[in-house]
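# Structural features, examined
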Amino acid sequence: MSRQITELESLLAQMIVEHKKLLASLEVQQAAMKKCDLKVMDEVSTAQEACRLRISGLEQKRRLAVAQVAREAKLIGDVTLRKLAAVYPARAEALLKLRTELKTVTEQIRTRAYISSRVANAVLGHLNTVVRLVAGAVEKAGIYNKRGIPRVSNRIGVMEAVG
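Because the structure is a prediction, the values reported are computed rather than measured.

## Re the overall build of the chain
Each helix and strand in the chain was counted, giving 5 helices and 2 strands. For the chain, the α and β elements follow one another from N to C terminus as α-α-α-α-β-β-α. Within the chain, the proportion of its 163 residues that are buried is 25%. The contacts in the chain between residues at least 6 apart in sequence include a share of 64% that link residues at least 24 apart. As displayed, the chain offers around 12100 Å² of accessible surface, 60% of which is attributable to carbon and sulfur atoms.

## Topic: the pattern of salt bridges
Evaluated as defined, the whole model comprises 10 salt bridges. When the shortest N-O distance is used, the salt bridge between R91 and E9 registers 2.7 Å. Linking R91 in the loop between α3 (81–87) and α4 (92–139) with E9 in helix α1 (residues 2–35), this pair joins segments that are 82 residues apart in sequence. Linking E49 and R52 is a salt bridge whose minimum nitrogen-to-oxygen distance equals 3.5 Å. One end of the pair, E49, and the other, R52, are both in helix α2 (residues 38–73), 3 residues apart, so they sit about a helical turn from each other. Linked by salt bridges that have partners in common, E18, K21 and R54 make up one network.

## Some points on α2
Taking 1.5 Å as the rise per residue, α2 with 36 residues should run 52 Å; its terminal C-alpha atoms sit 51 Å apart, in good agreement. For α2, the full list of buried residues reads V44, Q48, C51, I55, L58, E59, A65, V66, V69 and A70. Looking at the packing, one finds that the buried side of α2 touches α1 and α3.

## What to know about unusual backbone geometry
A positive phi angle is found at C36, which is not glycine, with a value near 55 degrees. Structurally, C36 can be placed in the loop between α1 and α2. The exposure class assigned to C36 is exposed, which follows from its relative accessible area of 57%. Positive phi is not limited to glycine here, since K74 has a value of about 60 degrees. Taking relative accessible area as the criterion, K74 reaches 71% and is therefore assigned exposed.

## Considerations on the environment of V66
Tracing the backbone shows V66 in helix α2. Here V66 falls in the buried class, since its relative accessible area comes to 9%. Sequence separation of V66 and L84 is 18 residues, and the distance between their C-alpha atoms is 8.7 Å. The contact partners of V66, leaving out residues within four places of it in the chain, are L8, V79 and L84.

Conventions and cut-offs
Just so you know, the residues in each chain are numbered from 1, in the order the chain's sequence is written. Local features in a predicted model are, by the rule used here, given only for residues with pLDDT of at least 70; side-chain atom pairs are given and counted only at 80 or more, and totals for whole chains, interfaces and linings are based on all residues. As a rule here, side-chain values come from all non-hydrogen atoms in the structure, and water together with hydrogens is ignored. In DSSP terms, a helix is any run of H or I states spanning at least four residues, a strand is any run of E spanning at least two, and both are numbered starting from the N terminus. Relative accessibility under 20% of the residue-type maximum defines a buried residue, over 50% an exposed one, and the middle range a partly exposed one, all with a 1.4 Å probe and only protein chains included. Pairs of residues are marked as contacts when any of their non-hydrogen atoms sit within 4.5 Å. All accessible-area figures derive from a Shrake-Rupley calculation using a 1.4 Å probe, and residue coverage is judged against the displayed protein chains alone. Criterion for a salt bridge: a side-chain nitrogen of Lys or Arg within 4 Å of a carboxyl oxygen of Asp or Glu. Expected span of a helix, by definition, is 1.5 Å for each gap between consecutive residues, and there is one gap fewer than residues.

Structure (structure tokens):
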């Protein structure tokens with residue numbers, strides 16, 4: 001009984017550490033986005049993906065540990081940390097503290113990720129507009145003078161008439 005609860009607490013603590021790493025990398029990513037530092041943004045995205053994979057692995061282990069504890073305690077239905085705290089009152093305070101801390105960090109991650117996605121969408125929208133303007137200018141390519149003003153030909157040549 002105690003070994004599985006201790007293992008669950010350990011997994012929750014590891015998840016909190018990984019979530020804090022992810023939060024720190026999101027903060028670095030936002031700073032890099034403000035500076036348009038593509039190299040840092042690329043490095044941070046790789047680090048974020050590694051954090052996500054570790055969190056996913058820890059989540060699978062946590063689910064297995066909760067299933068074992070629930071089977072041992074003969075709990076039916078959805079097993080939450082509150083239910084486990086009620087079944088194991090000696091570890092209730094530690095479990096609920098870990099739960100609260102994990103929820104706090106995940107909420108901060110959600111907020112940061114939302115802000116980053118909004119900034120990225122805005123940047124991509126502006127980039128899309130620039131690409132469309134450039135594509136429109138390329139479609140109507142011509143000869144330009146030194147001031148950047150297009151020079152219009154007086155007559156249509158054979159090549160222009162065929163094209």
